Amino acid sequence: DRLDMEEKPNNRFNDGKVDPAGRFWVGSVALNCEGNEGTLFCIEANGTITKKETGVGISNGLCWSSDNKTMYFIDSPTKKVISWDYDVNTGEIKNKSVVIDFSETFKDGVPDGMTIDENDNLWIAIW
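It should be emphasised that the depicted structure is a prediction, and the values quoted were computed from it without experimental measurement.

Quick rundown of the sheet that holds strand 6 (residues 70-75)? Include the residues and the values.
One open sheet accounts for four strands, arranged 5-6-7-8; its pairing is antiparallel. Only two strands of the sheet have a single partner each, and these edge strands are strand 5 (59-64) and strand 8 (93-101). Between one strand axis and the next, the sheet turns through 25° on average, direction left out of account.

For the nonpolar core, give the residues involved together with the corresponding values.
Of all hydrophobic cores here, the largest spans twelve residues; its members are Trp-25, Leu-40, Cys-42, Val-56, Leu-62, Trp-64, Met-71, Phe-73, Ile-82, Trp-84, Tyr-86 and Ile-93. Elements with a minimum of two residues in this core: strand 3 (38-43), strand 5, strand 6 and strand 7 (80-86). For this core, the leading source of residues is strand 7, giving three residues. Excluding residues within four positions of it along the chain, Leu-62 makes contact with Asp-15, Gly-16, Lys-17, Trp-25, Leu-40, Met-71, Tyr-72, Phe-73 and Met-114.

Tell me what's going on with the environment of Asn-60, and back it up with residues and numbers.
Turning to its location among the elements, Asn-60 is positioned in strand 5. We classify Asn-60 as buried; its relative accessible area is 6%. Considering only alpha carbons, one finds Asn-60 and Asp-75, 15 residues apart in sequence, at a separation of 5.9 Å. Not counting chain neighbours up to four residues away, the residues in contact with Asn-60 comprise Asn-14, Asp-15, Phe-73, Ile-74, Ser-76 and Asp-112.

I'd like to hear about unusual backbone geometry, residue by residue, with values.
The backbone of Asn-68 shows a phi angle near 60°, a positive value even though the residue is not glycine. On the secondary structure map, Asn-68 appears in the loop between strand 5 and strand 6. Non-glycine residue Asp-120 carries a positive phi angle of around 65°. Within the element layout of this structure, Asp-120 appears in the loop between strand 9 (111-116) and strand 10 (122-126).

The rules we used
- Residues numbered from 1 in each chain as written.
- Predicted model: local features only at pLDDT ≥ 70, side-chain atom pairs only at ≥ 80, totals over all residues.
- Heavy atoms only, no water.
- Pairing = 2+ DSSP bridges.
- Helix = DSSP H or I, 4+ residues; strand = E, 2+ residues; numbered from the N terminus.
- Axes fitted to C-alpha atoms, helices over the stretch in contact; angles between N-to-C directions.
- Core = buried A, V, L, I, M, F, W, Y, C linked by side-chain atoms within 4.5 Å.
- Buried < 20%, exposed > 50% of the residue type's maximum accessible area, 1.4 Å probe, protein only.
- Contact = heavy atoms within 4.5 Å.

That is the geometry; function is a separate question.
See below:
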């Protein structure tokens, strides 16, 4: 399989990261960065591609907790960091919830890139 923008030719890839099990997660965004045309994909080592989240504005900031039970993700226009329960063995994500809402704190900026340290503190770039 090929992972390309054939479904949405006006999209591009924005941010991606490898999870603790070696899967590549990558999100897309519309070329004009408008609307919710993006998708979060997961690519397995065998090449299997799965859409994990659709209706994404601008995919950013992927990381996983040290116990491999939580996945974090930023959809920048929402100004929110979300999390899912994460299964490291299967790559399944479920129980989506908002962890941080920057809409009141950073009126002029949006959360962008993100990483996590050894104490599970999230470090978030504001653009």
